[in-house]
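Remarks on the overall topology
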Amino acid sequence: WRGWEGAPYSTLVPSDEVTINYRHGLPVITLMLPTRSERCQFTVKPVVTTVGAFLQDVQREDKGIERAEVFTTDGSKVSDATLMEVLLMNDFKLVINSTVYSVSPPVKDKLSSEHATEMEDIKSLVHRLFVALHLEDHQIRKERELLQKLDHLKEELLPLEQVKARIMDSADAKTSRLLWVGLALMSTQGGALAWLTWWVYSWDIMEPVTYFITYGSAMAFYAYFVLTKQDYIYPHAKDRQFLHYFYRKSKKTHFNVERYNKLKDDLAEAEESLRRLRQPLQLKLPIQEISDKD
């Protein structure tokens, strides 16, 4: 007889070699350990124990077991992540080394609806008690971790903040100087046009000149829109020029803007997590909902 999943000469053992009985509501699996040649009982918690955990317990009990797997009756391998509760609903094959055990779990009496509801209430109560007993310790430990992370991030940001402040001062000074230069050029242009109109030429001659100057200014504003995809609004233009100077200065001084932004994002995330941790009523609320409340 060909074995399961490539075991060439597996031995099929009668189903009574592996028995399953319920004791105090928990299934007890009794099987023969191949190396020790003695029967051993394994009590599993169906809603918690997985197939992989059960097989590991079997292998730990008998160090001579090199292979332990579970298959369905049609030969499909059962995943290690499957809960024992699911496995015990149907017959299955237990493969230990080269021996295949045919296992037929007993049919467990179905709980009445009232009993099932009572059991769910007990599970919910146990869960709430566990949370109440362990949440405070978890919060203290998590708060300590967040505080350490905040201190570490602030230490990394401190020298970067100093460099950034110097770069911003330099960029702001250049931007302000450019604005004053623009005002001076406009004043000079207005004075030159007035001088040419009243002292050198007449308005009849200067009117076409001012028209083309105005038209040229309109073309310059349109070119600005074509290049930047933004209207020429003075505050926006000032901010754009400021950023231009800022990034150029950052490149010269080797200031890593991306790393700085990443550290600032991490700092904000850590501060938000700490704030939520210190407000238990908001622990399970989405961040967007908390922001809306603020």
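Residues numbered from 1 in each chain as written. Predicted model: local features only at pLDDT ≥ 70, side-chain atom pairs only at ≥ 80, totals over all residues. Heavy atoms only, no water.

Convention followed: UniProt positions are given in the numbering used here, feature names are shortened, and annotations may be inferred rather than shown by experiment.
The protein is annotated in an unreviewed UniProt entry as Calcium uniporter protein from Furnarius figulus. Under the heading Function (unreviewed entry), UniProt records this for the protein: "Mitochondrial inner membrane calcium uniporter that mediates calcium uptake into mitochondria. Mitochondrial calcium homeostasis plays key roles in cellular physiology and regulates cell bioenergetics, cytoplasmic calcium signals and activation of cell death pathways."

1. Section: the environment of Ile233
Which entries qualify depends on this criterion: Numbering goes from the N terminus for both helices and strands, where a helix is a DSSP run of H or I of at least four residues and a strand is a run of E of at least two.
Structurally, the position occupied by Ile233 is in the loop between helix H4 (203-228) and helix H5 (234-253). Each C-alpha atom, one on Ile233 and one on Phe221, is 9.7 Å from the other, the two residues being twelve residues apart in sequence.

2. A closer look at the sheet that holds strand E3 (residues 26-33)
Paired through their backbone hydrogen bonds, the strands of a sheet run either parallel or antiparallel. To keep it simple, the criterion reads: When DSSP finds at least two bridges between two strands, those strands are taken to pair. Angles here are taken between N-to-C directions and fall from 0 to 180 degrees, while the axes themselves are lines fitted to C-alpha atoms, restricted in helices to the stretch in contact. Here, residues are in contact when the closest pair of their heavy atoms is within 4.5 Å.
The sheet built from three strands is open, its strands ordered E2-E3-E4 with antiparallel pairing. Looking at which strands have only one partner, the edges of the open sheet turn out to be strand E2 (19-23) and strand E4 (38-43). Direction aside, neighbouring strands of the sheet carry axes that sit 30° apart on average. Of the strand pairs in this sheet, E3 and E4 are connected by six bridges, and their pairing is antiparallel. By the bridge assignment for E4, Ile29 is matched with Phe42. Packed on one face of the sheet, helix H1 (residues 51-61) meets E3 and E4 and runs near 145° to E4.

3. Quick word on the UniProt feature "transmembrane region" (unreviewed entry) in the protein
In the UniProt entry, the feature "transmembrane region" (unreviewed entry) is given for residues 178-197 and 209-227. Secondary structure across residues 178-197 comprises 100% helix and 0% strand; the distance between its end C-alpha atoms is 28 Å. Helix and strand shares over residues 209-227 are 100% and 0% respectively, and the end C-alpha atoms of the span are 27 Å apart.

4. Topic: the side chain of Lys93
Test applied: Relative accessibility decides the category of a residue: with a 1.4 Å probe and only protein chains considered, values under 20% of the type maximum give buried, values over 50% give exposed, and everything between is partly exposed. By the counting scheme adopted, Arg and Lys are positive, Glu and Asp are negative, and His together with the chain ends is not counted. When a carboxyl oxygen of Asp or Glu lies within 4 Å of a side-chain nitrogen of Lys or Arg, that pair is called a salt bridge.
Checked against the element boundaries, Lys93 lands in strand E6 (residues 92-96). No salt bridge is formed by the buried Lys93. Its closest oppositely charged neighbour is Asp91, at 8.0 Å.

5. Examining the packing of aromatic side chains
Rule in force here: What counts as a ring pair is set by centres within 6.5 Å for rings of Phe, Tyr and Trp (its six-membered ring), and what kind of pair is set by the plane angle: stacked under 30 degrees, edge-to-face over 60, tilted for all other angles.
Considering all chains together, one arrives at seven aromatic pairs under this definition. Between Phe42 and Phe54, the ring centres sit 6.0 Å apart and the planes meet at 85°, which makes this aromatic pair edge-to-face. Placement of Phe42 in strand E4 and of Phe54 in helix H1 is noted, with a sequence separation of twelve residues between them. Taking 6.3 Å as the distance between ring centres and 25° as the angle between the ring planes, the aromatic pair formed by Phe242 and Phe246 counts as stacked. In this pair, Phe242 and Phe246 both sit in helix H5, four residues apart, roughly one turn of the helix. With respect to class, Phe242 is no different from Phe246; both count as buried. The structure contains a cluster of three or more aromatic residues connected by ring pairs, namely Phe242, Phe246, Tyr247, Phe255 and Tyr260.

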